[in-house]
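Examining the three-dimensional arrangement
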Amino acid sequence: MSVIAYIPNQEGIIKKAGFELASFAAALAENMGQQATAVVLGPMAAEEMKKLGQYGIAKVMHDANESFGLLDNRATAKALAAASAEASVVVLAHNNEGKGVAPRLAVRLQAGYVSAISGLPSSVEPFVVNKVVFTGKAIGHASINTEKKVITLSFNSFGLHEKVVDVAIEAFNSGCSASDFALSVQQTLKVTGKVLLSEAEIVVSGGRGMKSPDNWGAIEELANLLGAATACSRPVSDEGWRPHGEHVGQTGKIIAPNLYFAFGISGAIQHLGGVSGSKVIVAVNKDPEAPIFEAADYGIVGDALKVLPEFIEAVKELKKSH
């Protein structure tokens, strides 16, 4: 038996979420006395796949069919089911693809399924996993009693843990044919020159306390200085101040950066539900009773428009000294 990690990639490049999955699968396999195996779908160079060996993956199963680049959830679920004949646990990233593939895969494997887990199981016999519930206010414990198990791992919940092993790459025929790929791509629009919100280690976010879209230059300046992504609260995107793609919260994007700045955000429960996975939250709000301060690790009571310039100057001075 083995622990299977489905490694997401973008045009043949493994991102941090993929290496985090590899780290998690290796640690879980060790706890269960099994082997950690990765599945890669779509074209990818052997040298790129070998990087997974740095995080404990001893075997990579690779189907190079370029049609997997279409991200057809049904085809991906079929391929993973074929790869998981000898698997006890299959772990996917809790991203848009993982959310679409994992339930389909669980049905194919007749497996128990838990989404958005936050770390290694507290017990492997019985198999009990933990996940954040009630918008970050509690930890839930879920037991999976089926022989095979499918789980998705929340981004940035486990981290990267190096464990260098020799990795064997095996060609794998998933059995997917042209008829399995029902999607077609008509147009691809790519964002360039910006840090992607879903992959950002640092996020600088603003709310209605920024008072006007004309004041957003300071948010962008701080983000540029820190190599961060920009985000916003729902009222800001609803007003058209910022694009909806930057909206974070339960009704927007759920993120888990290492550092999250919230300028002028009061902290509605829906917003906190989308950012509670952040390692450190820094909040700036002129209302000392704002709910955001209950979730923040560091808080400043003050006008965001006055505090932001001071943040920017402090970062500039720090960068000069280094």
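These numbers were taken from a predicted model, which means no experiment stands behind them.

Description of the sheet that holds strand E13 (residues 202-206)
- Pairing in this open sheet of 5 strands is parallel, and the strands run E14-E13-E15-E16-E17 from one edge to the other. In the strand order of this sheet, the two ends are held by strand E14 (229-232) and strand E17 (298-301), each with one partner. Within this sheet the neighbouring strands show an average axis-to-axis angle of 15°, counted without direction.
- Where E13 and E14 come together, 4 bridges link them in parallel fashion. Following the sheet pairing, Ser-205 is matched in E14 by Ala-231.
- Relative to E13, helix H5 (residues 217-226) is tilted by about 175°, and along the sheet it contacts E13, E14 and strand E15 (259-263).

Some remarks on the pattern of salt bridges
- Applying the stated rule across the entire model yields 14 salt bridges.
- With its nearest N and O atoms 3.4 Å apart, the salt bridge here joins Lys-163 to Glu-30. In this pair, Lys-163 sits in the loop between strand E11 (149-153) and strand E12 (168-171) while Glu-30 sits in helix H1 (residues 16-32), placing the two residues 133 residues apart along the sequence.
- On the basis of relative accessible area, Lys-163 is assigned to the partly exposed category, the value being 37%.
- A salt bridge links Glu-317 to Lys-320, with the shortest nitrogen-to-oxygen separation between them at 3.8 Å. A residue pair is termed a helical-turn pair when its members lie 3 or 4 positions apart in one helix, as Glu-317 and Lys-320 do in helix H9 (residues 304-321) at 3 residues.
- On the accessibility criterion, Glu-317 (46% relative accessible area) is partly exposed.

Describing the layout of surface pockets
- In this model, the second largest pocket occupies a volume close to 340 Å³.
- Residue assignment for the lining of the second largest pocket shows that the elements contributing at least two residues are helix H6 (234-238), helix H7 (269-275) and strand E16 (280-285).
- Broken down by class, the residue content of the lining of the second largest pocket amounts to 6 nonpolar, 14 polar and 5 charged.

Concerning the pairing of strand E7 (residues 112-117)
- When you tally the buried positions in E7, you get 5 out of 6 residues, the bulk of the element.
- As defined by bridge partners, E7 adjoins E11 across 4 bridges and the pair is classed as parallel. By the bridge assignment, Gly-112 is partnered in E11 with Lys-149.

Considering the packing of helix H3 (residues 73-83) against helix H4 (residues 96-109)
- At a closest axis distance of 8 Å, the pairing of H3 and H4 adopts a crossing angle of 50°. Viewed along their axes, H3 and H4 adopt a mutual orientation that is oblique. Taken as a pair, H3 and H4 cross one another with a handedness that is right-handed. Of the residues in H4, those in contact with Asn-73, Arg-74, Thr-76, Ala-77, Lys-78, Leu-80 and Ala-81 of H3 are Glu-97, Gly-100, Val-101, Arg-104, Leu-105, Arg-108 and Leu-109.
- When its residues are assigned to classes, the contact of H3 with H4 shows 6 nonpolar, 3 polar and 5 charged.

Side note on the packing of aromatic side chains
- Inspection of the entire model under this criterion finds 7 aromatic pairs.
- With a centroid separation of 5.5 Å and 90° between ring planes, the pair formed by Phe-24 and Phe-158 is classed as edge-to-face. On the criterion of sequence distance, the pair formed by Phe-24 in helix H1 and Phe-158 in the loop between E11 and E12 is long-range, its members being 134 residues apart.
- The class for Phe-24 is buried, based on a relative accessible area of 0%.

What about the nonpolar core?
- Of all hydrophobic cores here, the largest spans 33 residues; its most connected members are Ile-7, Phe-24, Leu-52, Ile-57, Val-91 and Ile-151.
- When contributions to this core are tallied by element, the ones reaching two or more residues are strand E1 (2-6), H1, strand E4 (35-41), strand E6 (87-93), E7, strand E9 (127-133) and E11.
- In terms of residues, this core owes the most to one element, H1, which gives 9 residues.
- Excluding residues that lie within four positions of it along the chain, Ile-151 makes contacts with Phe-24, Val-89, Val-90, Val-91, Leu-92, Val-114, Ile-117 and Ile-144.
- Listed in part, the 25 residues of the second largest apolar core include Ile-4, Tyr-6, Leu-92 and Val-101.

Calculation notes
- Residues numbered from 1 in each chain as written.
- Predicted model: local features only at pLDDT ≥ 70, side-chain atom pairs only at ≥ 80, totals over all residues.
- Heavy atoms only, no water.
- Pairing = 2+ DSSP bridges.
- Helix = DSSP H or I, 4+ residues; strand = E, 2+ residues; numbered from the N terminus.
- Axes fitted to C-alpha atoms, helices over the stretch in contact; angles between N-to-C directions.
- Contact = heavy atoms within 4.5 Å.
- Salt bridge = Lys/Arg side-chain N within 4 Å of Asp/Glu carboxyl O.
- Buried < 20%, exposed > 50% of the residue type's maximum accessible area, 1.4 Å probe, protein only.
- 1 Å grid on protein atoms, 1.4 Å probe; cavity = no way out; pocket = protein on both sides within 12 Å on 5 of 7 lines; lining within 4 Å.
- Points joined across faces, edges and corners; volume = space filled by probe spheres on them.
- Nonpolar A, V, L, I, M, F, W, Y, C, P; charged D, E, K, R; others polar.
- Parallel < 35°, antiparallel > 145°, perpendicular 65-115°, else oblique.
- Left-handed = near helix turned anticlockwise from the far one by under 90°.
- Phe/Tyr/Trp six-rings, centres within 6.5 Å; stacked < 30°, edge-to-face > 60°.
- Core = buried A, V, L, I, M, F, W, Y, C linked by side-chain atoms within 4.5 Å.

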